[in-house]
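Summary of the model geometry
So you can see what is in the structure, the chains are spelled out below.
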Amino acid sequence: MSNYNFAYLDEQTKRMIRRAILKGLAIPGYQVPFASREMPMPYGWGTGGVQVTAATLTPEDTLKVIDQGADDTTNAVSIRKFFEKTAGVATSEETAQASVIQTRHRIPEEDLREDQILVYQVPIPEPLRFLEPSEVETRKMHSLEEYGLMHVKLYEDIAKHGAIATSYAYPVKVEGRYVMDPSPIPKFDNPKMEMAGIQLFGAGREQRIYAVPPYCKVVSLDFDDYPFEASKADHACDMCGATDSYLDEVIMDDAGGRLFVCSDTDYCAGRRRAGHVGAQGVALAEDAA
Amino acid sequence: MIEIRDLSKTFTLHNQGGVVIPVMQGAELTVAKGECVALTGASGAGKSTLMRMIYGNYLAAGGSIVVNGVDVVRAEPREILALRREVLGYVSQFLRVVPRVPTVDVVAEPLLAVGVDARAARARACDLLARLNIPERLWSLSPTSFSGGEQQRVNIARGFAHCYPAMLLDEPTASLDATNRETVLSLIEEAKARGAAIVGIFHDEAARERVCDREIDVAVYTPSMAGAA
Amino acid sequence: MTPLLKVENVSKFYGNRIGCEGVDFDLYPGEVMGIVGESGSGKSTLLNCLAGHLTPDTGEVRFEMRDGMMRDTVSMSEPERRMLSRTDWAFVHQHARDGLRMNVSAGGNVGERLMAVGARHYGDIREEAVDWLGRVEISESRVDDRPSQFSGGMQQRLQIARNLVTGPRLVFMDEPTGGLDVSVQARLLDLLRGLVRKMGLSAIIVTHDLAVVRLLADRLMVMKDGQVVETGLTDQVLDDPQHAYTQLLVSSVLQV
């Protein structure tokens, strides 16, 4: 065991963060200010998510960390190691095994259960920010439910691109009240936000925490004549053949060769273990050999 | 229709040592329906001042001016505006319009203001412009670029567009040629025939003789400067 | 007829200095009132107090709600007041960039108020926006251009369209023609006059330009040092001013 306090942060800080989390859960979608701490990583690397995870973890938890769906990227590996070292908790790459999942930019393909918590890393928590630079004004707009501006952004999309071009960080309204930025997840993931698990959002630099309790209504904003569509690449995974998962496009060579693969590496691996093979994939046994 | 009692007017020139200039005292005038009264008197006697007071453009110092039951001296701005819209027309010597607005719309405007539909209003405007010999090619242009005589006729057309029950005419025939003068005089006669009460200033004596029933010399209401000092 | 707006004893102080003091007036439906005075006379302070941008230190600003009830907009809750300012009121700023979103297209600017009151059909919103651009003489082909690509006069017309699209009953205007070329001013004035008449709008226009009020305003309020020194029918106040200051103001206008 290390000389760190459990999960790095001191108990007072974790208590402060837990209060913010509870308040966030009590007012779904509302951005709760909190005293974000300096963490041993730069802003933009998930300092908000890490603090929320630190305040949420218990010694019995199993932690999974994903970055754009993958468990093996620098950011995911670093954060996983950070908590292995400072909290000594078990870690896993399997969605079903984890009790706390910290994520950057994705929701796992597999449905989450009531005993699981999903922690999002959020760069800019204010969905109105790009059109209204004043924090005083955006807070007032939230408190008075003045959300016309959010639709102005979508209107501009349609006027410019002929369709709502916003493809990630697509704004949602939670429980019919607060308009919320779901963090930069692809809009494909938006419908998954109505889930059994608890969703917590942490923005370290902006010092905001917000939350969506289980089974909350989460509606993606749209127009009657331009309804929301949870789109993805019109393709099946080339590795596992899944047609229902969000895909990353990987350019293979200078000749335009490309590969579509599940962005959720655990999901893809699980399907391949179960014997599914995609167009460019190979059976798992051979692959391992 | 128009009833003026004990009307007085002073000008106070605050920026010239606060000089108070009394210009009218004890003016009385009654004009019945269908009657045309000419205001006479030397230049500066107060003919235009009286007309402007009736129209609410100058503020009376005392007395009353009742037009169709509204005392212009005491009425609220919106009451005066309603009176001007519905009841009291004024043909001044100068045309004052918004730049850019076509002549036909300038003439039709008083009709639109009382709720006449746009087509009927334009038809009436065209009719009047034709009677006053404004060439049709000018109707779609703004009158601001017209000659003085043309502007005067546009002004008259506008003044006669709506059939006001009471009218104020300030030199309506000045600087008009014989044909147009004749048209204006018949317009005045038609207005009288339909019962309009008219107060006018006519330097054109023949015109005055023809359309006016009475003359009032406003000089009798001019206070002597000695008395004022 | 009952007033649309009843202003009673409105004062605003900046520390020891008077912004405006003891202002009373009634504004009736369809009436256009001009407020004139030199810079610092308190006319803009008064306008901002009336429009809910500033909280007056004394007095009431009672507005006739759509249900016919008179409500004091000073003491009503902020959400209610902000709702009024999106539905029943309009505010045309002197500088178009204060009243427009410069990084949003013309159509989006006009559509914002519609979306703010719940419009959720893109096609309808756009149609309405194009219709309003037409009414303020902006070509449909400019609907997706940003206001930063517009001339000053066009920006001002766009601001007017953006404000009037929800059919407000009372329009506040702060020097609406200030800073525009005279030819552009004339066009804007003509447009405003037409809209005021067609929509039966009531308006309060703050300006230092007497020619503007002569053309637009039915009645006039003259302010000096925070006080109202003279009120009356516009042409009467301009042609037969009673107060020393008004006489000075009128006689100071350069004749063209």
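Residues numbered from 1 in each chain as written. Chains lettered and ligands numbered in written order. Predicted model: local features only at pLDDT ≥ 70, side-chain atom pairs only at ≥ 80, totals over all residues. Heavy atoms only, no water.

Going by what an unreviewed UniProt entry lists, chain C is known as Putative phosphonate transport system ATP-binding protein and is assigned to Shimia haliotis.

Where an unreviewed UniProt entry is consulted, chain A appears under the name Alpha-D-ribose 1-methylphosphonate 5-phosphate C-P lyase, with the organism given as Shimia haliotis. What the UniProt record of chain A gives under Function (unreviewed entry) is the line "Catalyzes the breakage of the C-P bond in alpha-D-ribose 1-methylphosphonate 5-phosphate (PRPn) forming alpha-D-ribose." Turning to chain A, the UniProt annotation filed under Catalytic activity (unreviewed entry) states: "alpha-D-ribose 1-methylphosphonate 5-phosphate + AH2 + S-adenosyl-L-methionine = alpha-D-ribose 1,2-cyclic phosphate 5-phosphate + methane + 5'-deoxyadenosine + L-methionine + A + H(+)". (UniProt positions renumbered as here; feature names shortened; annotations may be inferred.)

Turning our eyes to something else, we now look at the packing of aromatic side chains. Counted under the stated rule, the structure contains 16 aromatic pairs over all chains. Arranged with centres 5.3 Å apart and planes meeting at 55 degrees, the rings of Tyr8 of chain A and Phe82 of chain A form a pair that is tilted. Placement of the pair is Tyr8 of chain A in the segment before helix H1 (11-26) and Phe82 of chain A in helix H3 (residues 74-86), with a sequence separation of 74 residues. The class of Tyr8 of chain A is partly exposed, set by a relative accessible area of 27%. With relative accessibility at 12%, the residue Phe82 of chain A sits in the buried group. When the ring of Tyr155 of chain A is compared with that of Tyr122 of chain C, the centres are 5.1 Å apart and the planes differ by 40 degrees; the resulting orientation is tilted. Linking Tyr155 of chain A in helix H5 (residues 148-161) with Tyr122 of chain C in helix H5 (residues 122-135), this pair reaches from one chain into another. (Phe/Tyr/Trp six-rings, centres within 6.5 Å; stacked < 30°, edge-to-face > 60°. Helix = DSSP H or I, 4+ residues; strand = E, 2+ residues; numbered from the N terminus. Buried < 20%, exposed > 50% of the residue type's maximum accessible area, 1.4 Å probe, protein only.)

A separate point is the domain arrangement of chain C. Residue and element names in this part refer to chain C. Each assigned domain of chain C is listed with its residue range as follows: domain 1 (5-88 + 169-252) and domain 2 (101-167). Computed over C-alpha atoms, the centres of domain 1 and domain 2 are 25 Å apart. On the domain 2 side, the residues contacting the 16 residues of domain 1 number 15 residues. Of the roughly 1400 Å² buried between domain 1 and domain 2 on both sides combined, carbon and sulfur atoms contribute 65%. If you sort the residues of domain 1 by the area they bury against domain 2, Arg86, Arg187 and Leu191 come out on top, with a joint share of 37%. Linking domain 1 with domain 2 are 4 residue pairs in polar contact (both at pLDDT 80 or more), by the criterion used here. When residues of the side of domain 1 that touches domain 2 are traced back to their parent elements, those giving at least two are helix H2 (78-87) and helix H7 (182-199). (Domains from an automatic or database assignment. Contact = heavy atoms within 4.5 Å. Buried area = accessible area lost by both parts, 1.4 Å probe. Polar contact = N/O pair within 3.5 Å; in protein donor to acceptor, adjacent residues only side chain to side chain.)

Let's shift gears to the interface of chain C and chain B. Reports often express the size of an interface as the amount of accessible area lost when the parts come together. Every contact between the two is made by 24 residues of chain C and, on the other side, 24 residues of chain B. Summed over both sides, the interface of chain C with chain B buries roughly 2100 Å², with 52% coming from carbon and sulfur. Among the residues chain C hides against chain B, the three largest losses belong to Arg197, Leu233 and Asp240 of chain C. Together they make up 25% of the total. Lys9 of chain B is paired through a salt bridge with Asp240 of chain C; the nearest N and O atoms lie 2.4 Å apart. Counting across the interface, chain C meets chain B through 11 residue pairs in polar contact (both at pLDDT 80 or more). Breaking the side of chain C that touches chain B down by element, the ones donating at least two residues are H7, helix H8 (210-216), strand S10 (227-233), helix H9 (234-239) and helix H10 (244-251) of chain C. In terms of residues, the side of chain C that touches chain B owes the most to one element, H7 of chain C, which gives 5 residues. Among the residues making up the side of chain C that touches chain B, the classes are represented as 7 nonpolar, 5 polar and 12 charged. (Salt bridge = Lys/Arg side-chain N within 4 Å of Asp/Glu carboxyl O. Nonpolar A, V, L, I, M, F, W, Y, C, P; charged D, E, K, R; others polar.)

So, about the UniProt feature "domain: ABC transporter" (unreviewed entry) in chain C. Per the UniProt record, "domain: ABC transporter" (unreviewed entry) is annotated on residues 5-250 of chain C. Helix makes up 40% of residues 5-250 of chain C and strand 26%, with an end-to-end C-alpha separation of 28 Å.

Applying the stated rule across the entire model yields 49 salt bridges over all chains. Here Arg85 of chain B ties to Glu86 of chain B by a salt bridge, and the two come within 3.9 Å at their closest N and O atoms. Linked through salt bridges whose partners overlap, the residues forming this network are Arg106, Glu109, Asp189 and Lys192 of chain A.

Phi angles above zero are rare outside glycine, and Asn68 of chain B is one such case at about 50 degrees. The residue Asn68 of chain B is located in the loop between strand S4 (62-67) and strand S5 (70-71) in this model. Within the chain, Asp225 of chain C stands out as a residue other than glycine whose phi angle is a positive 50 degrees. For Asp225 of chain C, the position within the fold is in the loop between strand S9 (219-224) and S10.

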